[in-house]
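# Topology and contacts: notes
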Amino acid sequence: MHRRRDGQVRHNVVELRVDVTDTRTERRPSRVLPPVPVEEESGRGLILIDALATNWGMSPRTAAPGKTVWASVDLVASPS
């Protein structure tokens, strides 16, 4: 079950960025994502973000408790 969160979507010519902020301080996402058992109904959000996003990370909130998890997707293909 998800709690209330605030979010923001921004984009420019080269990047789409999504920020999701919550007040939970006890869980900080890790860049090493554990496997999720097949029978579990949750726990795959960051696995999907890691697979689809160009980059993602976490920033602590400065004005209140909690964190902001962000993800960005490049909109322009990098030259090969």
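Residues numbered from 1 in each chain as written. Predicted model: local features only at pLDDT ≥ 70, side-chain atom pairs only at ≥ 80, totals over all residues. Heavy atoms only, no water.

### Remarks on a nonpolar patch on the surface
- A surface patch of nonpolar side chains, amounting to about 710 Å² of accessible area, comprises Val9, Val13, Val14, Leu16, Val18, Val20, Val73, Leu75 and Val76.
- Of all the elements, strand β2 (residues 15-22) adds the most residues to the nonpolar patch, at 3 residues.
- Within the element layout of this structure, Val13 appears in the loop between β1 (6-11) and β2. (Patch = residues over 30% accessible without salt bridge, like charges linked within 9 Å, V, L, I, M, F, W, Y side chains within 5 Å. Areas by Shrake-Rupley, 256 points an atom, 1.4 Å probe, with all protein chains shown as cover. Salt bridge = Lys/Arg side-chain N within 4 Å of Asp/Glu carboxyl O. Helix = DSSP H or I, 4+ residues; strand = E, 2+ residues; numbered from the N terminus.)

### So, the confidence of the model for the chain
- In this model, the chain carries an average pLDDT of 81, and 90% of its residues clear a pLDDT of 70 or more.
- Per-residue pLDDT, averaged within each element of the chain, yields its smallest value for β1 (75) and its largest for strand β4 (residues 67-74) (92). (pLDDT = per-residue confidence, 0-100.)

### Notes on the side chain of Lys67
- When you line up the elements, Lys67 lands in strand β4.
- Note on Lys67: relative accessible area 6%, which makes it buried.
- Within polar-contact distance, the side chain of Lys67 engages the side chain of Asp22 at 2.9 Å.
- One polar contact links the side chain of Lys67 to the main-chain carbonyl oxygen of Arg24, over a distance of 3.1 Å.
- Apart from residues no more than four positions distant in its own chain, Lys67 is found in contact with Val20, Thr21, Asp22, Arg24, Arg27, Arg28, Pro29, Met58, Ser59, Pro60 and Arg61. (Buried < 20%, exposed > 50% of the residue type's maximum accessible area, 1.4 Å probe, protein only. Polar contact = N/O pair within 3.5 Å; in protein donor to acceptor, adjacent residues only side chain to side chain. Contact = heavy atoms within 4.5 Å.)

### Considering the sheet that holds β2
- A sheet is described by the order of its strands in space; here 4 strands give the open sequence β1-β2-β4-β3, paired in antiparallel fashion. Strand pairing shows two members of the sheet lacking a second neighbour, β1 and β3 (55-60), which therefore form its edges. Going across the sheet, the axis of each strand differs from the next one's by a mean of 15 degrees, ignoring polarity.
- As paired elements, β1 and β2 share 6 bridges and run antiparallel to each other. Bridge assignment links Val9 to a residue of β2, and that residue is Val18. (Pairing = 2+ DSSP bridges. Axes fitted to C-alpha atoms, helices over the stretch in contact; angles between N-to-C directions.)

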